Amino acid sequence: MNAHFAVVDGSTIPMKLIKGAPETYDLDNLQAKIREVKQEGTDWPVYDRNLHDVIENAISVENEIILIEGNYLLLKNPRWTNIRALADYSVFIKADKELLKTRLIERKVRGGKTQGESEHFYNTSDSKNVELVLNNSAEADETWIVEADGNIIKEED
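None of the values given here were measured: they were computed from a predicted structure.

Colleague: Could you give an account of the sheet that holds strand S5 (residues 91-95), with specific residues and numbers?
Modeller: If you walk across this open sheet you meet the three strands as S5-S6-S7, and the pairing is mixed. With partners counted over all chains shown, the strands left at the sheet margins are S5 and strand S7 (152-154), one partner each. If you compare each strand with its neighbour and ignore which way they point, the axes differ by 30° on average. Pairing between strand S6 (residues 142-146) and S7: three bridges, direction antiparallel. From the neighbouring strand, Ile-145 faces S7, where its bridge partner is Ile-153.

Here's what the structure looks like:
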């Protein structure tokens, strides 16, 4: 991640400053991997939080049902729409912005960052991603809601 860069609003910046933002994903590779796994199974990459980078071909995937999780899979953006089109079924997991803020900051603190560093990262990166997902995701086949106590319930139509 330290050697990688992304273009955001026309500027090239180190990915570590926006880790987790949509611009940090290799969508061409993700689309190819999804197509492969749907046809015959494939080796799949994983993100290593200790290395802060992707490990290619880390696990072998050969199942009839494959669950792919990610914040941006329903994003209303042409490149993400291509990914969404490969899904047979989608679920959106929604939570209150303040709950997400608390949980994201706490996760950074558990990962070794100070409270101040964690809040700064939230304010400069995570908060933008939260807004993007909550305000720019396509409708899913089903929506679940994370309650303040951590329970998850199905949103009724």
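Colleague: Would you mind going over the packing of helix H3 (residues 97-110) against helix H4 (residues 115-135) in detail, with residue names and values included?
Modeller: Following both chains from N to C, one finds H3 and H4 inclined at 140°, their axes separated by 9 Å at the closest point. Taken together, the axis directions place H3 and H4 in an arrangement best described as oblique. By crossing handedness, the relation of H3 to H4 is classed as right-handed. Two secondary-structure elements touch here, H3 through Lys-97, Leu-100, Lys-101, Leu-104, Ile-105, Lys-108 and Val-109 and H4 through Gln-115, Ser-118, Glu-119, Phe-121, Tyr-122, Asp-126, Val-130, Glu-131 and Leu-134.

Colleague: Let's hear about the nonpolar core: which residues, and what values?
Modeller: Counting 16 residues, the largest nonpolar core has Leu-30, Ile-34, Trp-44, Trp-80 and Ile-83 as the members making the most contacts within it. When residues of this core are traced back to their parent elements, those giving at least two are helix H1 (27-39) and helix H2 (78-84). What Trp-44 contacts, discounting residues up to four positions off in sequence, is Leu-30, Lys-33, Ile-34, Val-37, Asn-57, Ala-58, Ile-59, Val-61 and Ile-68.

Colleague: So, H3: which residues are in play, and what are the values?
Modeller: End to end, H3 covers 20 Å across 14 residues, agreeing with the expected 20 Å (1.5 Å per residue, within 8%). Listed as buried for H3 are Leu-99, Leu-104, Ile-105 and Lys-108. Where the residues of H3 are buried, they touch S5, H4 and S6. Its side-chain oxygen placed 2.9 Å from the backbone nitrogen of Glu-98, Asp-96 serves as the N-cap of H3. Count one or two residues on from H3 and you reach Gly-112, which has phi positive near 110°.

Colleague: Give me the packing of aromatic side chains: which residues, what numbers.
Modeller: What the rule picks out here adds up to three aromatic pairs. Summarising the aromatic geometry, the rings of Tyr-25 and Tyr-72 are spaced 5.8 Å apart at their centres and angled 75° between planes, so their arrangement reads as edge-to-face. Taken as a pair, Tyr-25 in the loop between strand S2 (11-14) and H1 and Tyr-72 in the loop between strand S4 (53-61) and H2 lie far apart in primary sequence, 47 residues in all. Its relative accessible area of 2% is what places Tyr-72 among the buried residues. Geometrically, the ring pair formed by Tyr-72 and Trp-80 is tilted, given 5.7 Å between the ring centres and 55° between the ring planes. In this structure Trp-80 comes out as buried when scored by relative accessible area, which is 3%. The structure contains a cluster of three or more aromatic residues connected by ring pairs, namely Tyr-25, Tyr-72 and Trp-80.

Criteria and thresholds
- Residues numbered from 1 in each chain as written.
- Predicted model: local features only at pLDDT ≥ 70, side-chain atom pairs only at ≥ 80, totals over all residues.
- Heavy atoms only, no water.
- Pairing = 2+ DSSP bridges.
- Helix = DSSP H or I, 4+ residues; strand = E, 2+ residues; numbered from the N terminus.
- Axes fitted to C-alpha atoms, helices over the stretch in contact; angles between N-to-C directions.
- Parallel < 35°, antiparallel > 145°, perpendicular 65-115°, else oblique.
- Left-handed = near helix turned anticlockwise from the far one by under 90°.
- Contact = heavy atoms within 4.5 Å.
- Core = buried A, V, L, I, M, F, W, Y, C linked by side-chain atoms within 4.5 Å.
- Buried < 20%, exposed > 50% of the residue type's maximum accessible area, 1.4 Å probe, protein only.
- Expected span 1.5 Å × (residues − 1).
- Polar contact = N/O pair within 3.5 Å; in protein donor to acceptor, adjacent residues only side chain to side chain.
- Phe/Tyr/Trp six-rings, centres within 6.5 Å; stacked < 30°, edge-to-face > 60°.

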